[in-house]
Amino acid sequence: MNVLVIGNGGREHAVLQALKKSPKIDKLYCMKGNAGTAEIAENVNVDYMNAEAVKKFALENPQIDYYVVTPDDPLAAGLVDELESIGKRCFGPNKAAAQIEASKAFAKELMHKYGIPTAKSATFDNYGDALDYVRKEGAPIVLKADGLALGKGVLICETLKQAEEGLKEIMLDKTFGSAGNKIVVEECMRGLKYTPGEEVSVLCFTDGNTIVPMLTSCDHKRAFDGDKGLNTGGMGTFSPCPFWNEQLEKEVYETILLPTVKAMNAEGKPFKGCLYFGLMRTDKGMKVVEYNSRFGDPETQVVLPMLKTDLFEIFQAVTDGTLDKIKIEWEEGACVCVVLASGGYPVHYQKGKEITIGDMGDCTLVHAGTALKDGKLVTNGGRVLGVVAKGENVEAARKKAYAAVKNISWEGMYCRSDIGVKYREG
Ligand code: AMP
Ligand code: GLY
C-alpha cells in the first residue's frame, strides 16, 4: 500500500514516522512536507487547500491507496469529502463532523444539548448583546472567536475592562477576521489543585461507534518558562499526564468520550478519525475545554512513539468501521518532546538560518519548520524541531531530551527549559 499524509508540521512527521514501521506500507508521500518528511517520504508540492489541485493529483496518481488528512483547515474545508467523492480512502472526519473544532459555537451547543460537562457559555453574533452579557456575568471571563484562528482566538480576561476591550477586538476590529463573526462567552474554569488550571489532552481513535483513548499527554502553550509569554502552537509535551488514573479514565469515557460520539451521530454528523479532547480537572470533575477534529501538535509527537500496534491497521479499522475488532497496545514508560523555536516566535522571526545537529543519543528528531537550501538544513518556520525522548518515567525522558537539545543550534534558537515539570504532585 502507498499512503499520503497531508500537512507540513511536526505532527505530520510524527505520523509518518509511526506509519514507516508498518510492514503493510510500501511507500509514503507527504503533501507538502518539510526536510524531515523528505527523509522517509516523497514530498509532493501541491497546495492542499486547493481541493481541485489535490483531486487532480489523486487522479493522476492512482498508485496512492490511502490519504491521511491531519491539519484543521483542510478538514474544515471538506477535503475528506472531496477525496471520497473520487473514490479515495481517507483518515479524517468529513466537513460536517470537522465542525466540532471549526465552530466553537457548534461544539458548545452540542455539549449543552447532550449534557456533556463543560463551562457555562452563551453565543452571540451581535456586539451589543455580547457586551450586556459580559457586564452581567463580570470577570474573570473567557472570550472565544467562533471560527479557526490559529489557536489564538481565545482571550482569558481577568478584569471587566480586559473583557470589554477583547470583545471589541474580536467583534468590531475583527482581529481574527471572520472567525470573530460569532463569539462564545464562557465561564472561566479553575483547576482543582493548580492555577490557572490543570489540563490534559486525550486524543482518541473513533470510527463513529467505538472510541478508544490513546495515552494522555500535556501541552505547554505559552512561549516561556513558568507558562509566561504569549500563546504558541505548543512549546513541548509529555506523556502520560501525572494526574491521570483508571478512575478518571472511566469517568471521562462515560461522561465525555462516548456521549460525544453518540451526540455527533444523533446530529447526523458521525465522526471518524482522531477526536481530540482538551480537558480540565476542576473541583466539579473533568470538563471539556475544547474539541479538535485531528491529532494535536505537539501531542502526537509524544503519543505515537509509545504505540505498539500498527498505526496503519488502526487507520484502516477507523475507515472500515471495525475499530472494535482490534486491540490497541502501548509501551510502558514516558515520552517527552521539547520544541525548538526561532527567536521571536510566536510574533516576528527570521527564516533561513542554518541548523547544526550533533549527537542525538537515542532521541528522535521531529521536523516542523525546516527546509533544505543548497543541500543545507535551514529553519523555515516558527517551531522548527522537536526533540523526542523516551524513558522509564517523565523525569528520565526529560533529562535525555534536554541532553540532546544541547547539541542542536542555530542563530536565535530558543526553547523552554521546563517541559515535563508541571503537575508532578499529581
Ligand atoms: P482553546 O483554544 O479553546 O483550547 O483555549 C486555549 C486555552 O485557553 C486552553 O488551553 C485553556 O488553557 C484556556 N481556556 C479556554 N477556555 C477556558 C475556560 N473556560 N476557563 C479557563 N481556561 C480556559
Ligand atoms: N496542541 C494543541 C493543538 O494541537 O491544538
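Computed from a predicted model, the values in this text were never measured in an experiment. (Residues numbered from 1 in each chain as written. Chains lettered and ligands numbered in written order. Predicted model: local features only at pLDDT ≥ 70, side-chain atom pairs only at ≥ 80, totals over all residues. Heavy atoms only, no water.)

Colleague: Can you tell me about the packing of helix 8 (residues 127-137) against helix 9 (residues 160-172), naming the residues and giving the values?
Modeller: Look at helix 8 against helix 9: their axes get within 10 Å of each other, and the N-to-C directions meet at 165°. By the angle between their directions, the pair helix 8 and helix 9 is classed as roughly antiparallel. Like other packed secondary-structure pairs, helix 8 and helix 9 cross with a definite hand, here right-handed. Every residue of helix 9 that contacts helix 8 at Tyr127, Ala130, Leu131, Val134 and Arg135 is listed here: Leu160, Ala163, Glu164, Leu167, Lys168, Met171 and Leu172. (Axes fitted to C-alpha atoms, helices over the stretch in contact; angles between N-to-C directions. Helix = DSSP H or I, 4+ residues; strand = E, 2+ residues; numbered from the N terminus. Parallel < 35°, antiparallel > 145°, perpendicular 65-115°, else oblique. Left-handed = near helix turned anticlockwise from the far one by under 90°. Contact = heavy atoms within 4.5 Å.)

Colleague: Can you tell me about empty space enclosed by the protein, naming the residues and giving the values?
Modeller: By the definition in use, this model includes 1 cavity of 30 Å³ or more. Estimates place the volume of the largest cavity at around 30 Å³. Forming the boundary of the largest cavity are Val69, Thr70, Leu75, Phe91, Gly92, Pro93, Cys274, Ser293, Arg294 and Phe295. Per-class residue counts for the lining of the largest cavity are 6 nonpolar, 3 polar and 1 charged. (1 Å grid on protein atoms, 1.4 Å probe; cavity = no way out; pocket = protein on both sides within 12 Å on 5 of 7 lines; lining within 4 Å. Points joined across faces, edges and corners; volume = space filled by probe spheres on them. Nonpolar A, V, L, I, M, F, W, Y, C, P; charged D, E, K, R; others polar.)

Colleague: Before we move on, could you go through the site of ligand 2 and cite the residues and values that matter?
Modeller: The environment of ligand 2 is formed by Asp219, Tyr276, Asn292, Arg294, Gly296, Asp297 and Glu299. Taking Asn292, its side chain carries an N or O atom lying 3.2 Å from an oxygen atom of ligand 2. One of the side-chain nitrogen or oxygen atoms of Arg294 is found 2.8 Å away from an oxygen atom of ligand 2. Against a free-state accessible area of 200 Å², the protein chains account for coverage of 87% of ligand 2. Per-class residue counts for the shell around ligand 2 are 1 nonpolar, 2 polar and 4 charged. (Near = heavy atom within 4 Å. Polar contact = N/O pair within 3.5 Å; in protein donor to acceptor, adjacent residues only side chain to side chain. Areas by Shrake-Rupley, 256 points an atom, 1.4 Å probe, with all protein chains shown as cover.)

Colleague: Give a detailed account of the packing of aromatic side chains, specifying residues and quantitative values.
Modeller: Using the criterion set out here, one finds 11 aromatic pairs in the structure. Where Phe124 meets Tyr133, the ring centres are 5.3 Å apart and the plane angle is 50°; that geometry is what we call tilted. For the pair shown, Phe124 and Tyr133 are each scored as buried. Ring geometry for Phe243 versus Tyr423: centroids 5.4 Å apart, planes at 65°, classification edge-to-face. (Phe/Tyr/Trp six-rings, centres within 6.5 Å; stacked < 30°, edge-to-face > 60°. Buried < 20%, exposed > 50% of the residue type's maximum accessible area, 1.4 Å probe, protein only.)

Colleague: Explain the site of ligand 1 residue by residue, including any values.
Modeller: Ligand 1 sits among 15 residues. The nearest are Glu186, Glu187, Met189, Glu199 and Glu290. Within the backbone of Met189, one N or O atom sits 2.8 Å away from a nitrogen atom of ligand 1. Glu199 places a side-chain nitrogen or oxygen 2.5 Å from an oxygen atom of ligand 1. With the chains in place, 89% of the 480 Å² that ligand 1 exposes on its own is no longer accessible.

Keep in mind that these numbers describe shape and distance, not what the molecule does.
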